[in-house]
Amino acid sequence: NRGQVLGYSFVCGGMERIGVWDRRGEFQTYFAEGTDEVPTISNRLLFNDNNLIVITSVSSPDGEAGRNSYLVPRPGTRLNLADLVEDSPPEFNPSLITDINAHGDLIGVDFFSGGAFLLERVGAP
């Protein structure tokens, strides 16, 4: 409704700039991956009305493929979702986030267990 589009500006097999095009068609980079410092390559992005971006469906590098999802709460900051979840089983892998609501609650699937999950955001306005 705000005229924004979330997406990638990327070099195939290389750097992926994740960001938002505004209604004037200008791209603002929120996070860059596929670099030496951050070698992650992802395949799916989500965001809500509060510009909380979810990076999910990670395919590379091998140690992260099918295991991690990330939150980008503001430009330049990426947080591993698994590090933010309290009281989860040690083998929990938030590998695919399928949706996010305006409050920041997430639903998704753990590829390894095959189980669906709901992560409710607590302690945030």
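Residues numbered from 1 in each chain as written. Predicted model: local features only at pLDDT ≥ 70, side-chain atom pairs only at ≥ 80, totals over all residues. Heavy atoms only, no water.

### A word on the sheet that holds strand β5 (residues 53-60)
Spatial strand order, β4-β5-β6-β7: four strands in an open sheet with antiparallel pairing. A single partner strand is all that each edge strand has here, and the edge strands are β4 (41-47) and β7 (77-80). Adjacent strand axes in the sheet meet at a mean angle of 30° when their direction is disregarded. Two elements, β5 and strand β6 (residues 70-74), share three bridges in a ladder whose sense is antiparallel. (Pairing = 2+ DSSP bridges. Helix = DSSP H or I, 4+ residues; strand = E, 2+ residues; numbered from the N terminus. Axes fitted to C-alpha atoms, helices over the stretch in contact; angles between N-to-C directions.)

### Structural notes on the side chain of Asn48
For Asn48, the location among the structural elements is in the loop between β4 and β5. Here the side chain of Asn48 touches Leu52 through a polar contact of 3.1 Å, landing on its backbone nitrogen. Reaching out from Asn48, the side chain makes a polar contact with the backbone oxygen of Ala102 at a distance of 3.4 Å. With residues up to four places along the chain from it excluded, the contact list for Asn48 reads Arg2, Ile100, Asn101, Ala102 and Gly104. (Polar contact = N/O pair within 3.5 Å; in protein donor to acceptor, adjacent residues only side chain to side chain. Contact = heavy atoms within 4.5 Å.)

### Topic: unusual backbone geometry
In this model, Ser60 is joined to Pro61 through a cis peptide bond whose omega is 0°. Relative to the helices and strands, Pro61 is located in the loop between β5 and β6. One non-glycine residue, Ser57, adopts positive backbone phi at about 55°. Looking at the secondary structure, you find Ser57 in strand β5.

### Remarks on the nonpolar core
A general trend in soluble globular proteins is that nonpolar side chains are found buried together. Formed by Leu6, Ile18, Val20, Tyr30, Phe31, Val38, Leu45, Ile53, Ile55, Val58, Tyr70 and Val72, the largest nonpolar core amounts to 12 residues. Contributions of two or more residues to this core are made by β2 (16-21), β3 (27-33), β5 and β6. Considering every element that reaches this core, the biggest residue donor is β5, with three residues. Contacts of Val20, omitting those with residues within four sequence positions, involve Gln4, Val5, Leu6, Glu26, Phe27, Gln28, Tyr30, Phe47 and Ile53. (Core = buried A, V, L, I, M, F, W, Y, C linked by side-chain atoms within 4.5 Å. Buried < 20%, exposed > 50% of the residue type's maximum accessible area, 1.4 Å probe, protein only.)

### Thoughts on the pattern of salt bridges
This structure, assessed with the given rule, holds three salt bridges. With a closest N to O distance of 3.6 Å, Arg24 and Glu26 form a salt bridge. Accessibility expressed as a relative area gives 62% for Arg24, which makes it exposed. Given the relative accessible area of 45%, Glu26 is considered partly exposed. The shortest N-O distance in the salt bridge between Glu33 and Arg78 comes to 4.0 Å. One end of the pair, Glu33, is in strand β3; the other, Arg78, is in strand β7, with 45 residues separating them in the sequence. Exposure remark for Arg78: the relative accessible area of 21% places this residue in the partly exposed category. Because the salt bridges share partners, they merge into one network encompassing Asp22, Arg24 and Glu26. (Salt bridge = Lys/Arg side-chain N within 4 Å of Asp/Glu carboxyl O.)

### Concerning the sheet that holds β3
Taken in spatial order, the three strands make up an open sheet running β1-β2-β3, and their pairing is antiparallel. The sheet is open, and its two borders are formed by β1 (5-10) and β3, each paired with just one other strand. The mean angle between the axes of side-by-side strands here comes to 30°, regardless of whether they run parallel or antiparallel. Sheet analysis places β2 next to β3, joined by six bridges and oriented antiparallel. Residue pairing for β3: Trp21 is matched across the bridge by Phe27.

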